[in-house]
Amino acid sequence: MRKLLLHIILLLSSFAGFAQDVKFEAKASKHEVKIGESFQLSYTLNSSGNNFRAPTLTDNFKVYSGPNQKSSMSFVNGKMSASLSFSYILFPIKTGEFIIEPARIEVDGEKISSNAIKIKVVEDKTTSKQKSSPQQKKNSSSRKDKSQRVSDKLFLRLELS
């Protein structure tokens, strides 16, 4: 009887390690982006969750990749930890300051939201103001011709097991 009671206490104390503050956080790789430049937007949950709902991104950004999902679970010294993340690669469509609204996810039946992210999109002044010499124009056009020839012959296939 004592052994059974001891096992129950140990089991319950190990479950107490599961209780943690659930955090759902949004991060951007850059907060100021130039037109034509990409950045990564990621949402990280320090638990496991369901029914991820991203905000509308297509109004001000082109979604190049995403949502890309990554999950992990580990046991260290008898304590379990889990994390879940969703990421996007975005390209801005127009200049201005934009607020990316919070994403939502469900954890243990409760809906939680991430923080909002502010992104400032500016013109790329370095390419628009550059004056190029005839030699630079010739080199640039020959590079474009070579890249077009390579892309015409390039074929890529990705297979996952």
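Just so you know, these numbers come straight off a predicted model, no measurement behind them.

A. Quick peek at unusual backbone geometry. At the junction of Gly66 and Pro67, the peptide bond is cis and its omega measures out at 0° in the coordinates. Located in the positive-phi region is Asn51, a residue other than glycine, with phi close to 55°. Looking at the secondary structure, you find Asn51 in strand S4 (residues 50–53). On the accessibility criterion, Asn51 (46% relative accessible area) is partly exposed. A positive phi is found at Asp108, a non-glycine position, where the angle reads about 50°. Checked against the element boundaries, Asp108 lands in the loop between strand S8 (104–107) and strand S9 (110–113). In this structure Asp108 comes out as exposed when scored by relative accessible area, which is 79%.

B. Examining the side chain of Asn60 more closely. Along the chain, Asn60 turns up in the loop between S4 and strand S5 (61–76). By relative accessible area, Asn60 is classed as buried at 18%. Beyond its immediate sequence surroundings of up to four residues, Asn60 is in contact with Phe91, Pro92, Ile93, Lys94 and Phe98.

C. Region of the structure containing the sheet that holds S4. Strand order in the open sheet formed by three strands is S4-S8-S9, and the pairing between neighbours is antiparallel. Two strands lie at the open edges of the sheet, namely S4 and S9, each paired on one side alone. Ignoring which end each strand starts from, the neighbouring axes of this sheet average 25° apart. Direction of pairing for S4 relative to S8: antiparallel, over a ladder of two bridges. Bridge pairing in S8 links Arg53 to Arg104.

D. Looking closely at the environment of Ser29. Checked against the element boundaries, Ser29 lands in the loop between strand S1 (24–28) and strand S2 (32–34). Along the chain, Ser29 and Gln40 lie 11 residues apart, while their C-alpha atoms are 5.2 Å from each other. Beyond its immediate sequence surroundings of up to four residues, Ser29 is in contact with Phe39 and Gln40.

Scoring rules and cut-offs
Residues numbered from 1 in each chain as written. Predicted model: local features only at pLDDT ≥ 70, side-chain atom pairs only at ≥ 80, totals over all residues. Heavy atoms only, no water. Helix = DSSP H or I, 4+ residues; strand = E, 2+ residues; numbered from the N terminus. Buried < 20%, exposed > 50% of the residue type's maximum accessible area, 1.4 Å probe, protein only. Contact = heavy atoms within 4.5 Å. Pairing = 2+ DSSP bridges. Axes fitted to C-alpha atoms, helices over the stretch in contact; angles between N-to-C directions.

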